[in-house]
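# Breakdown of the fold
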Number of protein chains: 2
Amino acid sequence: MTEPGGAFMTDNHFAKPQSRRDVLDPHLGRYAARTAGMTASEIRALFAVASRPEVVSLAGGMPDLAALPLRTLSEQVAQIVAEDGLTALQYASAHGLPLLRDQICDVMALEGIRAHPDDVVVTVGSQMGLDLVTRLFCDPGDVVMAEGPSYVGALGSFAAYQAQVVHVAMDGHGLVPEELRAALRRARDTGRRVKLLYTIPNFHNPAGVTLAVERREEILEICRTFGVLVAEDNPYGLLGFDGQTYPALRSLDPDNVVYLGSFSKTFASGLRVGWVLAPHAVREKLVLATESATLCPPTLNQMIVSRYLATHDWKGQIKAFQQSYRERRDAMLSALERYLPPGCTWTTPDGGFYVWVTVPEGVDTKAMLPRAVAARVAYASGTGFRTDGLGHRQMRLSYCYPPPERIHEGVRRLAGVLRAEMDLAHGHGRYPGVLGTPVAL
Amino acid sequence: MTEPGGAFMTDNHFAKPQSRRDVLDPHLGRYAARTAGMTASEIRALFAVASRPEVVSLAGGMPDLAALPLRTLSEQVAQIVAEDGLTALQYASAHGLPLLRDQICDVMALEGIRAHPDDVVVTVGSQMGLDLVTRLFCDPGDVVMAEGPSYVGALGSFAAYQAQVVHVAMDGHGLVPEELRAALRRARDTGRRVKLLYTIPNFHNPAGVTLAVERREEILEICRTFGVLVAEDNPYGLLGFDGQTYPALRSLDPDNVVYLGSFSKTFASGLRVGWVLAPHAVREKLVLATESATLCPPTLNQMIVSRYLATHDWKGQIKAFQQSYRERRDAMLSALERYLPPGCTWTTPDGGFYVWVTVPEGVDTKAMLPRAVAARVAYASGTGFRTDGLGHRQMRLSYCYPPPERIHEGVRRLAGVLRAEMDLAHGHGRYPGVLGTPVAL
């Protein structure tokens, strides 16, 4: 079993060099223009190595499922197939099962969203929601505004439809409203067509920060003013470590927000069940787009999620996840504090899966990665989370999957690699020491 | 539970009129160009009515799952979740599980295909394969050659990427090679870029015919000559009523065929497990495209299919399906013979799910559909299977889902509606009687 998305996909969509294989590809002249960017990066070559058991992977975004009640789930799934198999194994509507769409509204209510089940479209993970929203809205050359850094899977979808990403700066309180306004003005002044603001307001991937509540209305107002639709991606919203939630952007502006939700982090990623909540007219088009993408999401999987929500204490289960991730976050922060050399800084997440680390000037996280893997630790280089070539001084460390003692060991190894890198840079006059100006998030 | 794809999706992607809702859609100016065609047709309004139990639906393409060993499957699924749940419920690779890809090669071997598991990519149903192959190859305006009529879900994918479909005539032996050559010449002479030949060689949907074996090499050669890649869609190939199979196009020309396979018709459609077998370089790009579409196909579903193939007599199960569909095909043909008015003609399928019926001149199957539904029978109008506005004198009748006695009753009702329609047309001078020139398939 290899690692998914978040991990080493990082640079796939943006790597420049043509591999030898491409040169030999007899179909080379036949691909669509959009396919040109889809070349596998050299990072993929590290993939097999990085998933070896001796490597501590702080790279992936795999949730820790150990707390799931497998015995109960096993019985429920058996019951679904035995008693309702002719439905569970059959095609269903592209829209998604009505009962599940009802239940999804209950889940979203926890973050202040009032929605009608008709406006929910079930998708094959929220990645598919992202893909289809981009399909509906983005012509080649259209601009999507996104936090800088942003979720690599979203950048992949934008690239697949030849949309251009403009990164907007964040700080410790998330997306900076004035930066967004300025970016939208620049786009308008240069005649670029901005279609979406793509944002992860809560426990950001990869930055680990949360959009301040007092910024939310302002950001929504800016988007309305500039006529830009908001795509709110919220896979981690219920994973606040103190159980705290924040008002979803969708709850504050139902008409101008397309909301993307997922059971991957609060239940089971391998079922690939996510959803989109969209304004009515958009929802109708999403259903049509779903039909041409997959006919319908898997029926059995929807029934499993539905049964789980109906019969299990899923809120209690989410509390257990919060507790587990909190312990790992604590392990990560204390290890960073203990081991990382001076000049490194990092964010302090209140929920979710990730810490965003900035390393001293002179260290290049992308170039360093093979040496880290050789030292048996893996991370995701910051460059993968941007389309503008920046991010060489950043990396994403995930604490979601490895247990605390492995996190500790991983950070210890990483610190060793970093020190060696800094020594090397220093020797070459590349490393100005801890006095280098701290870079913005 | 509503019906999927094949049924009333029919005209969705091609309907012209803007509904009231579209006019009121505040996002109207924001959609991508490709989204313009995605308006729901009036046929969708019939959907709810047509899925009422009193209506005999000969419209959908739902497989009959009654023969599946639900008890055994239930136990197997329970075991997977209980013993291997941390894998089954977790993300996996975008490429698909290695064991399943191995087994898929065994399945394909039944139709003469020798393939390496590395070149198999698991997809969320073969619809997703179709969508991604189109994504990789088709720029807006590129031409896809397809049989006329062709599978409505494929036409939907082509439309989603703004590819233009050129229909190539079939006869009782499938696609006509000379017609294909002529169409490719015309395209070349008018400077159009043809990217794919999309074809369903075996037990065609919707036409119910099979491409003659002696035409296969010729068609492949024509495609090589014109530099056109072949997309071979083969969901029904193992459902020949005498257990007969035909050599897959892929087996005859591995380098110029992308092969689409599915477990939806030979096992369970609701699991949404299909695959693409592609030349090596194309396969690499498909994996990248899968990542941006859904991250990975559902893990549990892949394990269910894999366990089923490993432990169950799946070939025996396919024989049971063949037997069941053969009985239904027989019921359909004898009912057509008995009830349909003079002037109607139809194909005689040797496998698969569908009969293609041509009605006398003056009858319009699209216009007639609401009246058929009022008479408690539904079918798919021929217009949905073409993009050129033709097909008004054709309809697809599915015998896959209703039991024989329902098929019988459905055709009886349909015949009544047809007679009334012909009387009406005759009264208006629209119906020239049974002497009207028979139209080509």
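Preceding block: the structure.
Attention in this report is confined to the structure presented alongside it. Everything numeric in this text was worked out from a predicted model, so none of it was measured.

## Brief notes about the nonpolar core
Of all hydrophobic cores here, the largest spans 162 residues; its most connected members are A:Leu68, A:Phe263, A:Phe267, B:Leu68, B:Phe263 and B:Phe267. In contact with A:Phe267, other than residues within four places in its own chain, are A:Leu65, A:Leu68, A:Leu73, A:Ile304, A:Val305, A:Tyr308 and A:Phe321. A:Tyr31, A:Val124, A:Leu155 and A:Ala289 belong to the second largest nonpolar core, which has 88 residues in total.

## Some points on the sheet that holds strand β14 (residues 394-398) of chain B
Residue and element names in this part refer to chain B. On the basis of which strands lie adjacent, the open sheet formed by four strands has the order β10-β11-β14-β13 and antiparallel pairing. The sheet is open, and its two borders are formed by β10 (345-346) and β13 (380-381), each paired with just one other strand. Pairing analysis gives two bridges linking β10 to strand β11 (residues 354-358), with the strands arranged antiparallel. Across the sheet, residue Trp 346 finds its bridge partner in β11, namely Val 357. Here helix α13 (residues 314-339) sits on the sheet and contacts β10, β11 and β14; the angle it forms with β11, its principal contact strand, is near 15 degrees.

## Quick word on the interface of chain B and chain A
Between chain B and chain A, the contact holds 97 residues from the first and 98 residues from the second. Buried surface at the junction of chain B and chain A, both sides included, amounts to about 8000 Å², of which 61% is carbon and sulfur. The largest share of the area that chain B buries against chain A comes from B:Arg30, B:Leu89 and B:Tyr91, three residues that together contribute 10% of it. Inspection of the region where chain B meets chain A yields two salt bridges. A salt bridge links B:Asp131 to A:Arg135; the shortest N-O distance between them is 2.7 Å. The interface formed by chain B and chain A holds 49 residue pairs in polar contact (both at pLDDT 80 or more) in total. For the side of chain B that touches chain A, the secondary structure elements donating two or more residues are α1 (20-24), α3 (70-88), α5 (125-137), α6 (152-160), α10 (264-268), α11 (280-294) and α12 (299-311) of chain B. For the side of chain B that touches chain A, a count of residues per class yields 51 nonpolar, 28 polar and 18 charged.

Rules of the game
- Throughout this description, residue numbers start from 1 for each chain and increase along the sequence as written.
- Chain A is the first chain written and ligand 1 is the first ligand written, with later ones labelled in order.
- Totals for whole chains, interfaces and linings use every residue, but because this is a predicted model, local features are given only for residues with pLDDT of at least 70 and side-chain atom pairs only at 80 or more, for both listing and counting.
- Think of the side-chain values as coming from all heavy atoms in the structure, minus any hydrogens and water.
- Put simply, buried Ala, Val, Leu, Ile, Met, Phe, Trp, Tyr and Cys residues joined by side-chain atoms within 4.5 Å make one nonpolar core.
- Only protein chains enter the accessibility calculation, which uses a 1.4 Å probe; a residue whose area is less than 20% of its type maximum is buried, one above 50% is exposed, and one in between is partly exposed.
- Any two residues whose heavy atoms approach within 4.5 Å at even a single point are treated as in contact.
- In this analysis, strands are considered paired if DSSP registers two or more bridges between them.
- By the criteria applied, helices consist of DSSP H or I runs no shorter than four residues and strands consist of E runs no shorter than two, each listed in order from the N terminus.
- Lines fitted to C-alpha atoms define the axes, with helix axes restricted to the stretch in contact, and inter-axis angles between N-to-C directions lie between 0 and 180 degrees.
- Accessible area, probed at 1.4 Å, shrinks when two parts are joined; the buried area is that loss added up over both.
- Salt bridges are defined as contacts in which a side-chain nitrogen from Lys or Arg sits within 4 Å of a carboxyl oxygen from Asp or Glu.
- Nitrogen and oxygen atoms within 3.5 Å of one another constitute a polar contact, given that in protein one can donate a hydrogen and the other can accept it, and given that sequence-neighbouring residues count only through two side-chain atoms.
- Any residue outside Ala, Val, Leu, Ile, Met, Phe, Trp, Tyr, Cys, Pro, Asp, Glu, Lys and Arg is labelled polar, Gly included; the first ten of those are nonpolar and the last four are charged.

Purely geometric stuff here, so don't read any function into it on its own.
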